[in-house]
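Take a look at the letters that make up each chain.
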Amino acid sequence: MMTLKEALALPKEEIGTLRADLKKRIEERSDINAYIALDEAGDGVPLLIKDNIQVKGWNVTAASKILQGYVAPYNATVIEKIENEGLAPFGRANMDEFAMGSSTESSFYGKTLNPHDPNRVPGGSSGGSAAAVAADIAIAALGSDTGGSIRQPAAFCGIVGMKPTYGRVSRWGLGAYSSSLDQIGPMTQNVEDAAILYDIISGHDTRDSTSANVEYAPVAPNLNPGRKLKIAVIDNYIKDAGSEVQHAYQKAIEALEAEGHTIIHKEMMGAKYDIAAYYIIATAEASANLSRYDGIRYGNRAEDPKDLKDLYLRTRSEGFGEEVKRRILLGSFVLSSGYYDAYYLKAQKVRHLIKNEFENVFEDADLILSPVAPTAAFKFGEMADPLQMYLSDAYTIGVNLAGLPAISLPIEKRDDGLPVGLQLIGKHFDEQTVFDGAMSLERAVAYEKK
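Let me begin by describing the structure that accompanies this report. Since we're looking at a predicted model, the values are computed, not measured.

Cut-off values and rules
Residues numbered from 1 in each chain as written. Predicted model: local features only at pLDDT ≥ 70, side-chain atom pairs only at ≥ 80, totals over all residues. Heavy atoms only, no water. Helix = DSSP H or I, 4+ residues; strand = E, 2+ residues; numbered from the N terminus. Rg over C-alpha atoms; globule rule 2.2 N^0.38 Å. Buried < 20%, exposed > 50% of the residue type's maximum accessible area, 1.4 Å probe, protein only. Salt bridge = Lys/Arg side-chain N within 4 Å of Asp/Glu carboxyl O. Expected span 1.5 Å × (residues − 1). Arc of directions from axis to C-beta. Polar contact = N/O pair within 3.5 Å; in protein donor to acceptor, adjacent residues only side chain to side chain. Pairing = 2+ DSSP bridges. Axes fitted to C-alpha atoms, helices over the stretch in contact; angles between N-to-C directions. Contact = heavy atoms within 4.5 Å. 1 Å grid on protein atoms, 1.4 Å probe; cavity = no way out; pocket = protein on both sides within 12 Å on 5 of 7 lines; lining within 4 Å. Points joined across faces, edges and corners; volume = space filled by probe spheres on them. Nonpolar A, V, L, I, M, F, W, Y, C, P; charged D, E, K, R; others polar. Patch = residues over 30% accessible without salt bridge, like charges linked within 9 Å, V, L, I, M, F, W, Y side chains within 5 Å. Areas by Shrake-Rupley, 256 points an atom, 1.4 Å probe, with all protein chains shown as cover. Phe/Tyr/Trp six-rings, centres within 6.5 Å; stacked < 30°, edge-to-face > 60°. Lys NZ or Arg CZ within 6 Å of the ring centre and 35° of its normal. Parallel < 35°, antiparallel > 145°, perpendicular 65-115°, else oblique.

### Quick word on the overall build of the chain
- Assigned secondary structure in the chain consists of 15 helices and 11 strands.
- Here the chain has a C-alpha radius of gyration of 21 Å; the compact-globule value for 450 residues is 22 Å, and the two agree.
- Based on the C-alpha atoms only, the size of the chain along its principal axes is roughly 70 × 60 × 45 Å.
- Looking at the chain residue by residue over its 450 residues, the buried ones come to 61%.

Rendered as structure tokens:
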């Protein structure tokens, strides 16, 4: 598949041929269910869009029954930005319903398959985006990351996925799951493409109250994989990972040392604190954000309700999937009278401690090397217990709680061909160092996609 960099350099008359060829590829690989629909907007270089990002005139549904029939009345800021740079929205990517999940199994449209093994998950919630790029049926894609939802599917599918610093990319037009954690980011074939797409979608947006108004310099033109960096490894984190992840971790450390980087060893709090804080804060915000889906304003509505209360009850009961209901209930509980202080307030205090921990590590290091998930892609049905699924996010959610930038990239393949990815975590608004380090690691490990 042509890279994003190559596609952006094409003459206008060749883009039509590219789009036609891509449609043919998508039809041939319809079995993996990466695309919900092949909607188009504009005639630029085609870019796959996750189904929770508003594209004017599209049926944007967040992969939920409750939003069937909804038509987006406006473009998200990131859509305006890509269109201004010669890209065009091309297809809606499958996802976990309302971005709640780690496997893309909770989608109203059915599960997406991992292109490397149809019996395994592609990750989530941006599983459709990751699977499409990995299967060569998307040049690149946009995903969203609330607790690892770009980086984990990228690792499972063997592509590059990048979560920017919170506030660096506008959230205006992104369907909200957890407003203080959500962030849109690029999912691409290589690190350079991720930097190019990151530059396009980044920047301050006055329409987004969480958008950071900070000085910004483009990353892609200044990529420097030759920089020598101090990279921290968190020894107590890797102990809980599977053998294949530990092997990839050691390979990455050796590759970084061979590139001239300095490896330093650090310890951090156990990930159990990250998980507890994340699932209290995220579900609390989700319960508030999803209260707008009531059958009155837009989307699906229960038929022939007895009264208003029955309309609310039946619309939400029929419209939301089991995982979304579970998280709404949990979020409503931790915000309820008598439990707010005991759970939500304590989780916010722990969030502050997590942020401070990262800052302490960054006093001595430029980047942190970390696993993305404890294992490679797991089989469908293997994580039937919701708590077990939540624990699989242990390595990614701390980054969102602290609002840091991070990038996942493939390191090697297991004997059965499944990719194993790792992530590099950077300081707030220091995406340049994140991309420089990632490009150096990418060059050093020389991962072969095929």
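### Side note on the pattern of salt bridges
- Summed over all chains, the structure comprises 26 salt bridges.
- The shortest N-O distance in the salt bridge between Arg314 and Glu318 comes to 3.5 Å. In this pair, Arg314 and Glu318 are both assigned in helix H10 (residues 308–319), 4 residues apart and thus about one turn of the helix distant.
- You can call Glu318 partly exposed: its relative accessible area is 40%.
- A network of salt bridges, in which partner residues are shared, links Arg19, Lys23 and Glu40.

### Points about H10
- A rise of 1.5 Å per residue sets the reference length of H10, with its 12 residues, at 16 Å; its end C-alpha atoms lie 16 Å apart and thus fit the reference within 8%.
- Those residues of H10 lying buried are Asp310, Leu311, Thr315 and Gly319. The buried residues of H10 occupy an angular sector of 130° when projected down its axis, which confines them to one face. Of the exposed residues in H10, the ones pointing more than 90 degrees away from its buried face are Lys309 and Leu313.
- At the N-terminal end of H10, a side-chain oxygen is found 3.3 Å from the backbone nitrogen of Lys309, two or three residues along, and the residue is Asp307.

### Here we look at unusual backbone geometry
- The omega torsion across Gly124 and Ser125 is 5°, close enough to zero to call that bond cis.
- Note that Ser125 resides in the loop between strand S3 (87–93) and helix H4 (127–134).
- Even without glycine at this site, Asp136 takes up a positive phi of about 60°.
- Turning to its location among the elements, Asp136 is positioned in the loop between H4 and strand S4 (141–144).

### Topic: the sheet that holds strand S11 (residues 419–425)
- Pairing is mixed in the open sheet, where 11 strands are placed in the order S1-S3-S2-S4-S6-S5-S10-S11-S9-S7-S8. In this open sheet, the two edge strands, each paired with only one partner strand, are strand S1 (35–40) and strand S8 (262–266). Direction aside, neighbouring strands of the sheet carry axes that sit 30° apart on average.
- The sheet contact formed by strand S7 (residues 230–234) and S8 spans 5 bridges and is parallel. The residue of S8 that forms the bridge with Ile234 is Lys266.
- Along the sheet face, helix H3 (residues 77–84) touches strand S2 (45–50), S3, S4 and strand S6 (184–188) and points at about 135° away from the line of S3.

### Observations concerning empty space enclosed by the protein
- A complete count under the given rule lists 3 cavities of 30 Å³ or more for this structure.
- Looking at the largest cavity, its volume works out to about 100 Å³.
- For the largest cavity, the lining is made up of 15 residues, of which Gly101, Ser102, Ser149, Tyr278 and Asp393 are closest to its centre.
- For the lining of the largest cavity, the per-class residue count stands at 5 nonpolar, 8 polar and 2 charged.
- Approximately 50 Å³ is the volume attributed to the second largest cavity.
- Contributing to the lining of the second largest cavity are Tyr237, Met268, Asp274, Phe358, Ile368, Ser370, Ala394, Tyr395, Gly398, Val399 and Ile425.
- When residues of the lining of the second largest cavity are traced back to their parent elements, those giving at least two are strand S9 (367–371) and helix H14 (397–402).
- Here the lining of the second largest cavity is composed, by residue class, of 8 nonpolar, 2 polar and 1 charged.

### Considering a nonpolar patch on the surface
- A contiguous nonpolar surface patch, about 340 Å² in accessible area, is contributed by Leu330, Phe333, Tyr339 and Tyr343.
- Along the polypeptide, Tyr339 turns up in the loop between helix H11 (322–335) and helix H12 (340–362).

### A look at the packing of aromatic side chains
- For the structure on display, the rule yields 14 aromatic pairs.
- Ring geometry for Phe108 and Tyr109: centres 5.3 Å apart, planes at 80°, overall edge-to-face.
- On the basis of relative accessible area, Phe108 is assigned to the partly exposed category, the value being 42%.
- For Tyr109, a relative accessible area of 25% gives the class partly exposed.
- By way of ring pairs, the aromatic residues Phe98, Tyr293 and Phe320 are connected into one cluster.
- Against the face of Phe380 rests Lys111, its NZ or CZ located 4.2 Å from the ring centre.

### Quick word on the pairing of S9
- Here S9 lies mainly inside the structure; 5 of its 5 residues are buried.
- Here S7 pairs with S9 via 3 bridges, running parallel. For Val233, the partnering residue across the bridge sits in S9 and is Leu369.
- In this structure, S9 lies alongside S11, joined through 4 bridges in antiparallel fashion.

### Regarding the packing of H11 against H12
- Their axes nearest at 7 Å, the elements H11 and H12 cross at an angle of 105°. By the angle class used here, H11 and H12 are roughly perpendicular. Between H11, through Phe333, Val334 and Leu335, and H12, the contact on the second element is made entirely by Tyr340, Tyr343 and Tyr344.
- When grouped by side-chain class, the residues that make up the contact of H11 with H12 number 6 nonpolar, no polar and no charged.

### With respect to helix H6 (residues 191–201)
- For H6, a buried count of 10 out of 11 residues is recorded, marking the element as mostly surrounded by other parts of the structure.
- Residues Val191, Asp193, Ala194, Ala195, Ile196, Leu197, Tyr198, Asp199, Ile200 and Ile201 constitute the buried set of H6.
- Among the residues of H6, the N-terminal cap falls to Asn190, whose side-chain oxygen and the backbone nitrogen of Glu192 are separated by 3.2 Å.
- Positive backbone phi, approximately 130°, marks Gly203, located one or two places after H6.

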